[in-house]
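# Geometric and topological summary
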Amino acid sequence: MRFNLGFFLREAFKNMRLNLLMSVTAATTTFMCILVLGIGMLVNAHVSDIIRSIGERVEITAFFPEDATQQEIRQAREEVQSWPEVRESTYVSKEEALQRFQESLPEIAQNLEDNPLPASIEISLHDPADSQAVADRLVESGYFAREDISYPAQTIDRLNTITGYITWALRGATALFLISSVLLISNAIRLSIFARRKEIEIQKLVGASDNFVRMPFVVEGMVQGLIGSAVAALVVVWLNFFFVDWANRNIPFFPISATAVDTVSTMAILIAVGVIIGVAGSYLSVRRFLKV
Amino acid sequence: MRFNLGFFLREAFKNMRLNLLMSVTAATTTFMCILVLGIGMLVNAHVSDIIRSIGERVEITAFFPEDATQQEIRQAREEVQSWPEVRESTYVSKEEALQRFQESLPEIAQNLEDNPLPASIEISLHDPADSQAVADRLVESGYFAREDISYPAQTIDRLNTITGYITWALRGATALFLISSVLLISNAIRLSIFARRKEIEIQKLVGASDNFVRMPFVVEGMVQGLIGSAVAALVVVWLNFFFVDWANRNIPFFPISATAVDTVSTMAILIAVGVIIGVAGSYLSVRRFLKV
Amino acid sequence: MIRFDNVTKVYGNDVLALERVSMEIGQGEFVFLVGASGSGKSTVVRLILKEIEPSAGTVYVNGRRLSAIPRRQIPRHRRSIGCVFQDFKLLPNKTAAENVAYAMEVTGQRRRAIRTKVPQILELVGLANKMDKYPDQLSGGEQQRVSIARAFVSQPPILIADEPTGNLDPETSVGIMQLLHRINRIGTTVLVATHDKEMVDVMRKRVIALEDGRIVRDRVKGAYLDEV
Amino acid sequence: MIRFDNVTKVYGNDVLALERVSMEIGQGEFVFLVGASGSGKSTVVRLILKEIEPSAGTVYVNGRRLSAIPRRQIPRHRRSIGCVFQDFKLLPNKTAAENVAYAMEVTGQRRRAIRTKVPQILELVGLANKMDKYPDQLSGGEQQRVSIARAFVSQPPILIADEPTGNLDPETSVGIMQLLHRINRIGTTVLVATHDKEMVDVMRKRVIALEDGRIVRDRVKGAYLDEV
Ligand SMILES: Nc1ncnc2c1ncn2[C@@H]1O[C@H](COP(=O)(O)OP(=O)(O)OP(=O)(O)O)[C@@H](O)[C@H]1O
Ligand SMILES: Nc1ncnc2c1ncn2[C@@H]1O[C@H](COP(=O)(O)OP(=O)(O)OP(=O)(O)O)[C@@H](O)[C@H]1O
Ligand SMILES: [Mg+2]
Ligand SMILES: [Mg+2]
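One structure accompanies this document, and this report is about it. In this text the structure is predicted, and so the values were computed from the model without any measurement.

Residue and element names in this part refer to chain A. One can describe the packing of helix α8 (residues 197–205) onto helix α9 (residues 210–250) by two numbers: an axis separation of 9 Å at closest approach and a directional angle of 145 degrees. For the crossing formed where α8 meets α9, the hand is right-handed. Of α9, the residues touching α8 (which contributes Ile200, Gln203 and Lys204) are Asp210, Val213 and Phe217. Grouping the amino acids of the contact of α8 with α9 by side-chain chemistry returns 3 nonpolar, 1 polar and 2 charged.

This is the structure:
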């Protein structure tokens, strides 16, 4: 028997028109699930991005010894800047240090005789988890003493711990949404096919093969999944643009970045999920009634 | 016609047994939706709690003038402590201030001649949004000069802005989950009743009144909703206990509190949502087919 | 008891199922409604049940104009009519006994009454040993007899049977017709739509013949095909 | 063509529908299967279609033992049999024409062939003007005729009709029986389960009579009720 794609497509669309209530319900279910899943992905992406940029703000400060020469300082700065873990390094001279101190604690600064503050280099990293390693390396380099290197070890530890857990929690939530979507969408499909089990029985009794019966249902599942998830994906992407724009205008100090979410791949994933569940759900749900 | 509760209950349970696939599917849908909704509520409660306790860590420091008498200091402390916005206030004497300074910046402290540090009072508030008001009040009280009151105004502003938005976002997410749940569960109910529309038609044709047809379906919806949401609510409460326990052991520095979630009212809300959607969904879905 | 007054029924926009049908069936009458397939017999039945509304004309049942019955009172109206449906209309999730019992339950009768009455009536149609079977476990004729039993069970003043013997062997058919006859004798108005020529000819009751939606014959003691 | 070899069918654990039934229907034969309601006629049909499996014994169709047909080949087997079902089994979401066409589509026939054949066959059963109606817009007899048309349309070597005239008036019934007769004359094996006494008596074909699941009579030129 030749594979009659045209027939299956016609069948699928005719059935969707006739069972409009069911088709709309299945597509709506897909839409809601994919929407929630997509919003979950957005939150995931933005939180990860925020965590990353908070990490970038953690700084290591290395104080130069009082007797460091200009030559040594220059070499040290060059060397540090060349390390791959280092995102940025800033040199703070004795004078700049004093100025900063005067700004922050003017009362105490008044009482200072000469400049007791050392020159330093402030280093920000790509990943705060590297802090310990970079500190070690600073000591190894020979320019700094261990006790002259300061970084918020506890803060970084906690930040690492918590961001690790948050990342896992977000993955867990996304997994939960995904599992829920699979279950809820396939439940809806199963119910809508259950409502038509007699039809399947009749089709089998007049000589239709399993695939012949199944194909229109699978096409239906695909189309419903596609429509539901495509609309949801568009809404998700729009929400993202809207949110980024809003955040940049209303909370500019907060690190919300337009590049946190890869909209194309997000849409692709969401639509793929919707279509795959639609197809697989129909395929499996029909099978249960084919045993005639 | 007398209202035959026994009959309706028997009918409902018989139908659920016979349409096991449908009943299980509807109950599973309820379970998944209520589970996600419940987890959303947990996240909401814990994040609100965390935000609250971060707010509590924001402090106002008011430095006493050099010439403040012990008497004045005592009065000021008492007065401040009595303000309703104030959660806690701590007095830091000149000596304690010096000691702290020595600990944090020993190199500079070495160079200090006598103690240039003033005594101060550190005030934590119930709500950081009150910072400005409390600062004003401190000035009004006459013990402090405006320039001797220090609080991280910008940080507090931002914190307030962001926690405000986060609260709204969480409410939005909960609303989304709630709307999704309503839609998804009622979709499932609608599909399962759609599968039985012929039965409804027949019942009407042999003389059953609308209510007589509807009651067993409503009871079914109620039972399915109850089972699905009760199981989900139990899982949610268990997850909460598990999470709080885990957090206290693994991230003790992070302010996760067992009292953040009111488990009884959470369970009550979740079960109520499940049952109400089950009942209302059945009621409305049946209605559509009663017009015979 | 049942009166059609110039009743026309058009399905959709194009299918003329009944055209200006007027007839009157008195209380306690026994009437056969005959006619070719598609001539409008089931449409008459559905109009009497108020399952559909006439496109024109008026239907009266029990002295009431059906179009004047409010939605809320339709169930009461239907409970006054026992109906054997051409396609049986059994509830798939109920056993034979439960299907029959359902017609009593909608009228709010006591469980005790139901428990005694249902087995009796199923016995009467020869299904005593199939009481606990579901419709899909019954043969075509057995399903038809359950439908008949359900129509009888609450002893309504009007009994309508649409093709009640289409799936029954001649012997069982005769039994069913005798039953209808007996029920008619205790005062029930009976209307039977049928193709069963032999039955109509034997019973010698009033026959109303439809042809393409119009009444072409109405004889008091008629046959399936009367000399015109 | 069709052979039953000591076939027993027990539904569930307690309902003995067929008991040691043996019969053989040769190619091109025309056979009536008669018997009271519940005697097992539809069970015979369902066994031939391999819709159900016998509890004991063997069924052969087209020379093949049905129990040896693998699941994948059941559709092919069914396509060799045109079947008029007692409850019509029309697809509710398809019009009369589409229902008939479906039986051709499952065999993978060209759309052109379908387009010409379907109207012809519907014309033949008198439904030329109902082609585009859905089953719930058709009268009982019209639905039955759609089911008949569907069984004919792909000209299968075997034609089975379970109570094909139960909802048809005598005139239409005669037409259908003539049709079956014609189809039989071009070589199709025809098996008709029926209660239509008159029809069986008129046609004078082979009659197999069932009683409580056993074959009690098998006459080459029989009547509905033969002298025993
Ligand atoms: N819902 C509908 N929509 C459109 N046409 C309909 C509908 N129901 C019935 N018809 C048409 O109305 C006409 C009369 O139908 P009806 O069911 O009353 O016939 P009938 O006399 O009962 O026939 P039968 O003996 O075959 O059951 C038929 O031609 C049928 O096709
Ligand atoms: N799925 C089933 N489960 C249990 N019993 C069944 C089932 N199907 C049929 N039966 C029983 O088997 C017997 C034979 O049924 P069958 O349908 O073959 O009868 P039939 O001769 O076609 O009767 P009819 O003329 O009334 O259609 C009946 O008593 C019926 O109740
Ligand atoms: Mg009819
Ligand atoms: Mg049968």
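Around ligand 2 sit 21 residues, and of these Ser139(C), Gly141(C), Glu142(C), Ser42(D) and Thr43(D) come closest. Surrounding ligand 2 is a set of residues that belongs to chains C and D. At 2.7 Å, a backbone N or O of Lys41(D) approaches an oxygen atom of ligand 2. Protein coverage of the free-state accessible area of ligand 2, which is 630 Å², stands at 94%. Secondary structure elements with two or more residues in the shell around ligand 2: α5 (140–153) of chain C together with β2 (15–25) and α1 (41–48) of chain D. Top contributing element to the shell around ligand 2 by residue count: α1(D), with 4 residues. Each residue belonging to the shell around ligand 2 can be placed in one class, and the counts come to 4 nonpolar, 12 polar and 5 charged.

With that settled, the discussion passes to the coordination of the magnesium ion (ligand 3). Around a metal, the ideal angle is 109.5 degrees if four donors adopt a tetrahedral arrangement and 90 or 180 degrees if six donors adopt an octahedral arrangement. Of the protein atoms, only Ser42(C) (OG) and Gln86(C) (OE1) coordinate the magnesium ion (ligand 3), at distances of 1.9 to 2.2 Å. Taken together, the residues Ser42(C) in helix α1 (residues 41–48) and Gln86(C) in the loop between β6 (81–84) and α3 (96–105) connect sequence positions 44 residues apart.

Right, let's get into the sheet that holds strand β3 (residues 120–125) of chain A. Residue and element names in this part refer to chain A. Pairing is antiparallel in the open sheet, where 4 strands are placed in the order β2-β3-β1-β4. Sheet topology places β2 (86–92) and β4 (149–150) at the edges, where each strand pairs with a single neighbour. In this structure, strand β1 (residues 59–63) lies alongside β3, joined through 5 bridges in antiparallel fashion. In the strand pairing of β3, Thr61 is matched with Glu122. Against the sheet, helix α3 (residues 70–82) contacts β2 and β3, and its axis sits at roughly 160 degrees relative to β2.

Bringing the sheet that holds strand β10 (residues 214–219) of chain C into the picture now. Residues and elements named next belong to chain C. Pairing within the open sheet is mixed, and its 6 strands lie in the order β6-β7-β8-β3-β9-β10. The open sheet terminates on both sides in strands that have one partner only, identified here as β6 and β10. Sheet twist, expressed as the average angle between the axes of neighbouring strands with direction ignored, equals 15 degrees. Looking at chain direction, strand β3 (residues 30–35) and strand β9 (residues 206–211) are connected through 5 bridges and run parallel. Bridging from a neighbouring strand, Gly35 pairs with Leu210 of β9. Along the sheet face, α5 touches β6 and β7 (158–162) and points at about 175 degrees away from the line of β6.

Before going further, it helps to spend a moment on the pattern of salt bridges. All names here are of chain A. The full count for this structure, using the stated rule, is 44 salt bridges over all chains. As a salt-bridge pair, Asp49 and Arg52 come within 2.7 Å of each other at their nearest N and O atoms. Of the two residues, Asp49 and Arg52 both sit in helix α2 (residues 20–57), 3 residues apart, roughly one turn of that helix. Note that Glu66 and Lys94 form a salt bridge whose closest N and O atoms lie 3.5 Å from each other.

Now for the site of ligand 1. By nearness alone, 21 residues border ligand 1, and Ser42(C), Thr43(C), Ser139(D), Gly141(D) and Glu142(D) come closest of all. Chains contributing residues to the immediate surroundings of ligand 1 are chains C and D. Interatomic distance of 2.7 Å between a backbone N/O atom of Lys41(C) and an oxygen atom of ligand 1. With respect to ligand 1, the backbone of Asp136(D) contributes an N or O atom lying 3.5 Å from a nitrogen atom. Contact with the protein chains covers 93% of the free accessible surface of ligand 1, which is 630 Å². Of all the elements in the fold, those that place two or more residues in the shell around ligand 1 are β2 (15–25) and α1 of chain C together with α5 (140–153) of chain D.

What counts and how
- Residues numbered from 1 in each chain as written.
- Chains lettered and ligands numbered in written order.
- Predicted model: local features only at pLDDT ≥ 70, side-chain atom pairs only at ≥ 80, totals over all residues.
- Heavy atoms only, no water.
- Axes fitted to C-alpha atoms, helices over the stretch in contact; angles between N-to-C directions.
- Helix = DSSP H or I, 4+ residues; strand = E, 2+ residues; numbered from the N terminus.
- Left-handed = near helix turned anticlockwise from the far one by under 90°.
- Contact = heavy atoms within 4.5 Å.
- Nonpolar A, V, L, I, M, F, W, Y, C, P; charged D, E, K, R; others polar.
- Near = heavy atom within 4 Å.
- Polar contact = N/O pair within 3.5 Å; in protein donor to acceptor, adjacent residues only side chain to side chain.
- Areas by Shrake-Rupley, 256 points an atom, 1.4 Å probe, with all protein chains shown as cover.
- Donors = N, O, S within 2.8 Å, 3.2 Å for Na, K, Ca; no water.
- Pairing = 2+ DSSP bridges.
- Salt bridge = Lys/Arg side-chain N within 4 Å of Asp/Glu carboxyl O.

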